[in-house]
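Chain by chain, the residues:
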Amino acid sequence: MEAELISFLVESVKKAIYDGDLDLEKVPEVSIEVPREKGHGDYATNLAMVLAGQAGMNPRKIAEIIVENFESDIVEDINIAGPGFINFKLKNAWLWNNLKIITKRAADYGKIDAGKGKRVQVEFVSVNPTGPLHVGHSRGAVVGDVTASIMEAAGYDVEKEYYINDAGNQMDILGKSTLLRYREILGEDIEMPEDVYAGDYIKEIAQDLYDEHGAELMEKDEEQQLEICREYAYQEMLADIEEDLEEFGIEFDNWFSERTLHPDKIEQAIDLLRDKGYIFEKEDALWFKSTDFGDDKDRVIIKSDGSPTYLAADMAYHLDKLERGFDKLINVWGADHHGYIPRMKAVIEAFGYDKDILEVIVVQMVTLLRNGKKVPMSKRAGSFVTMKEVNQEVGTDAARYYYVMRSTDSHLDFDLELAKEESSNNPVYYVQYAHARIHSILDNAELKADAENLDLLTHEAELELMKMLAKLPEEIKMIAESRQPHHLTTYAYDLATAFHSFYNNCRVNTDSKELAQARLYLVNAARQVLKNVLTLLGISAPEQM
RNA sequence: GGGGUUAUAGCUCAGCUGGAUAGAGCAACAGAUUCCUAAUCUGUAGGCCGGCGGUUCAAAUCCGCCUAACCCCA
């Protein structure tokens, strides 16, 4: 819709320039918005005000010229208001026709080709497999998942990836932690040191290990014991993570193991940078000269003991991503990693790519509250609430909605008790209820939906609903471009509001056959759009509640 | 000490590239269903958009400084 209006406007301006009414070099970027005030029409543009400077005329005069030259078959009324706004009122016929488009495209309605098939990788969650996913990870998981879905709907070729940090010291600690618990099960009196994972899940892993292998580990030397424990715990942890995510409706196209980078890929990445002159030696360590690319200091990549740093592996990993030919790499990171962005951008640039290929969505922290009180969480201390626990407590639909409903820039307070107590006021139920209500209407209908008399749909509430339905493609475009999935929950809510208002104003199954059939057609289109939006959010669309 | 994010109604938050009278939910108050699900709808009230400067025809939005909270780094 916006695109059509813009092209009509551009035509109008071109014509005015050609006729000599406007003195402009070229037609500028035209933007269109939906005015806050309904009285201002369906759409509006500030084009005349933007042009005022370069054309050297007052905005209202320019607006008059544009309006005089404006021709369009979808606009009912066009007028000038305020300091120079041009307001448009659409013909209802356009809205009626859009219902047919929705019906025809069905599950594909809302999909657009703005992404033009560009290949985008979204990497998210990527939690170390040393413990279960906790509530702090959930938000990034949902944000990444929904962002990926929306970008796919916007016409990008999207791949979702999980990077498994399965190499490095934390894996050895995992092995050590498991071994100590295992020996405890065998009857040893163990005092847990500070530098191990203390969570109860380690005990469970150790118990499983014992159930499978009995005491046979003790016959091996300590190095072997540690390795067996490490690998056993790793596999169990990873399986748990995959299961938790799957239950949360999150599936990845690719699970990338850090181990596949050691040591060859890492060496290759370093060699590449060394050839380009970005590697130097100092104090027995190997450094990456990231300050050449705007980082505030250079970074160690190989420590003096010869072991690679996290950054070394991340370099190799991102080189691998770049070589896979993605046009855009989107990483979803927690706010505690934001300081990592400049050095990763430096890495991308050092490899010879545009640093803007990498885009990081920084997701602010989640504070879990219970009865208004902060739940303290520390992975090391073993006191944390898992993703699974929260999802079981409030339900995955509500959990997903809550995690994605706020701007990623804002901190999120998630009160469990509130989420449960207020479940009847939960926005997610409000949206789902609209969907269920439509099914109820359709179940009760004795007639079949028919597009024959859509021109009977002229009630204010009907027009509002149809306009809301027509907005979905524009919403998808805006959300995909801004990477701000929370806007989709706002849209879902507004759409539900438009429907509930319609429901209370217009009876669908009425005595008038023609009107009933037209309204059934409208209601079915609304059902489809609600369903499409909920699907993008990964939330179920119940037919009964 | 340096950096990031946030600050908007009593509470939780929207406000897309600067635009017309700053919006929604919850809470409060007043109403609505002989009829498709009242988990709904309609209305009222509630604001120095953290503070001070600056840019602009126009600032909640952009820039600078200050304050507070959270998070990173030293």
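Just so we're clear, the structure is a prediction, and the values are computed from it rather than from any experiment. (Residues numbered from 1 in each chain as written. Chains lettered and ligands numbered in written order. Predicted model: local features only at pLDDT ≥ 70, side-chain atom pairs only at ≥ 80, totals over all residues.)

Moving on: the protein's contact with RNA strand B. Inspection of the region around RNA strand B gives 53 residues, with Ala 44, Gly 82, Gly 339, Ser 407 and Ser 440 positioned closest. For the surface near RNA strand B, the secondary structure elements donating two or more residues are α2 (47-55), β4 (85-90), β15 (412-415), α15 (427-444), α17 (472-482) and α18 (486-505). Take the surface near RNA strand B: its biggest share by element is eight residues, from α15. Looking at the surface near RNA strand B, its residues break down into 20 nonpolar, 24 polar and nine charged. (Near = placed C-beta within 6 Å. Helix = DSSP H or I, 4+ residues; strand = E, 2+ residues; numbered from the N terminus. Nonpolar A, V, L, I, M, F, W, Y, C, P; charged D, E, K, R; others polar.)

With that settled, the discussion passes to the sheet that holds strand β7 (residues 254-257). Pairing is parallel in the open sheet, where five strands are placed in the order β7-β6-β5-β11-β12. What marks the edges here is a single partner per strand, and that holds for β7 and β12 (358-363). Averaged over all adjacent pairs, the angle separating strand axes in this sheet is 25°, with direction ignored. Sheet topology note: the strand β5 (residues 119-123)/strand β6 (residues 157-164) ladder contains five bridges and is parallel. From the neighbouring strand, Arg 119 faces β6, where its bridge partner is Asp 157. (Pairing = 2+ DSSP bridges. Axes fitted to C-alpha atoms, helices over the stretch in contact; angles between N-to-C directions.)

Side chains Leu 286 and Phe 288 of strand β9 (residues 285-288) all project onto a buried face; the interleaved residues Ala 285 and Trp 287 project onto a face where none is buried. Between strand β8 (residues 279-282) and the antiparallel strand that follows it, β9, lie two residues; Glu 283 among them carries a positive phi value of about 50°. (Buried ≥ 20, exposed ≤ 12 C-beta atoms within 10 Å, placed from the backbone.)

Moving on to the environment of Tyr 340. Here Tyr 340 lies in the loop between β11 (328-334) and α11 (341-350). Distance in space between the C-alpha atoms of Tyr 340 and Gly 136 is 18 Å, their sequence separation being 204 residues.

Put simply, chain A has an average pLDDT of 90, and 96% of its residues get 70 or more. Across the assembled chains, the prediction reports ipTM 0.94 with pTM 0.94. (pLDDT = per-residue confidence, 0-100.)

Attention now goes to the domain arrangement of chain A. Per the domain assignment, the segments making up chain A are domain 1 (2-90), domain 2 (95-114 + 425-537), domain 3 (119-165 + 253-363) and domain 4 (169-247). A straight line from the C-alpha centre of domain 3 to that of domain 4 covers 29 Å. Facing the ten residues of domain 3 at the interface are twelve residues of domain 4. Here the side of domain 3 that touches domain 4 is composed, by residue class, of seven nonpolar, three polar and no charged. (Domains from an automatic or database assignment. Contact = placed C-beta atoms within 7 Å.)

This part takes up helix α16 (residues 460-470). All of the buried residues in α16 are Glu 462, Leu 465, Met 466, Met 468, Leu 469 and Ala 470. Along its buried surface, α16 packs onto α4 (92-105), α17, α18 and α19 (513-537).

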